Amino acid sequence: MRPFDDAAQILFGKPADQLDETERDVLLHSREGRILSEDRNIAYEAKQSVGERIADAIARIGGSWGFIVGFLAFLVVWTLANTLLLTKDAFDPYPFIFLNLVLSMLAALQAPIIMMSQNRQAARDRFEASKDYEVNLKAEIELMALHHKIDTHFLEEIAALKMEILRLHDVLRERG
C-alpha cells in the first residue's frame, strides 16, 4: 500500500496511519475513481429512528399556519360554546380552568418535542457540513491530481523539445 502512503504524505502532509476516517475514505474514493457525493436526505433519514421521525412530524405540524389557525378556531369554538351556547350547563365555565389545563399539558408536551426536533436539525446541519467537507476535500484532491498530470505532461513536452533542439543543434553542427 505504498502509493496510498505516498498520496497521504503528498496531499495531507502526514502518513496514512495518521489520517482520520474522513480523510482515509476520501482518499480511497479518489484512488478508486468512485463518486463520493450522495443524496444527503436519504442518507440522514436512513439513520433516524421511528421516534425521531414522529417527533419531526409533530414539530412540523405544530409549527405550521394550519395548526395555528385550526387551534385558534378550536379556542374560539370552546369559548363560544362555554359562554353563549351552554350558559346553563357549561362543562368548562368562565374562567375556563379545564381549557387552561389542556393548554398547559399541550405546551408541556409540545415544547420538548419541538426542542428534540431542533436538536436533530442541528445534528442534520452537522451531518451535511461533514458531507460538504468530504466532497470539497475530494474535489481538492482531484484538482491536485489534475494539476500534477498537466505539470507532468508539460515537463515531458519540454524534455522532448529540449531533445529536439539538441538534435537540431547537432544536425546544424554537422552541416556547418
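As a reminder, the structure under discussion sits directly above these lines.
What this report covers is the structure whose coordinates are included nearby. (Residues numbered from 1 in each chain as written. Predicted model: local features only at pLDDT ≥ 70, side-chain atom pairs only at ≥ 80, totals over all residues. Heavy atoms only, no water.)

## Here's the deal with the packing of aromatic side chains
All chains considered together, the criterion is met by six aromatic pairs. Centroid distance Phe67 to Phe71: 5.6 Å. Interplanar angle 15 degrees. Geometry classified as stacked. Taken together, the residues span about one helical turn, with Phe67 and Phe71 both in helix H5 (residues 65-85) at a distance of four residues. Members of the aromatic cluster, connected to one another through ring pairs, are Phe67, Phe71, Phe74, Trp78, Phe91 and Phe98. (Phe/Tyr/Trp six-rings, centres within 6.5 Å; stacked < 30°, edge-to-face > 60°. Helix = DSSP H or I, 4+ residues; strand = E, 2+ residues; numbered from the N terminus.)

## Considerations on helix H2 (residues 21-32)
Think of an α-helix as 3.6 residues a turn; residues three or four steps apart then line up on the same face. The terminal C-alpha atoms of H2, which comprises 12 residues, lie 16 Å apart, in line with the 16 Å expected from a rise of 1.5 Å per residue. Along H2, the positions that sit buried rather than exposed are Glu23, Val26, Leu27, His29 and Ser30. Relative to the axis of H2, the buried residues are bounded by an arc of 160 degrees and lie together on one face. Downstream of H2 by one or two residues, Gly33 has phi in the positive range, about 70 degrees. (Expected span 1.5 Å × (residues − 1). Buried < 20%, exposed > 50% of the residue type's maximum accessible area, 1.4 Å probe, protein only. Arc of directions from axis to C-beta.)

## With respect to the environment of Leu28
In this structure, Leu28 sits in helix H2. What makes Leu28 partly exposed here is its relative accessible area of 26%. Each C-alpha atom, one on Leu28 and one on Leu103, is 55 Å from the other, the two residues being 75 residues apart in sequence.

## Brief notes about the packing of H2 against helix H6 (residues 97-175)
One way to put it is that H2 packs onto H6 with a least axis distance of 9 Å and a crossing angle of 50 degrees. Our classification of the angle between H2 and H6 gives oblique. When the axes of H2 and H6 are compared, the crossing they make is right-handed. Contacts between H2 and H6 involve Thr22, Glu23, Val26, Leu27, His29 and Ser30 from the first element and Tyr133, Glu134, Leu137, Lys138, Ile141 and Glu142 from the second. The residue makeup of the contact of H2 with H6, split by class, is five nonpolar, three polar and four charged. (Axes fitted to C-alpha atoms, helices over the stretch in contact; angles between N-to-C directions. Parallel < 35°, antiparallel > 145°, perpendicular 65-115°, else oblique. Left-handed = near helix turned anticlockwise from the far one by under 90°. Contact = heavy atoms within 4.5 Å. Nonpolar A, V, L, I, M, F, W, Y, C, P; charged D, E, K, R; others polar.)

By themselves these figures say nothing about function.
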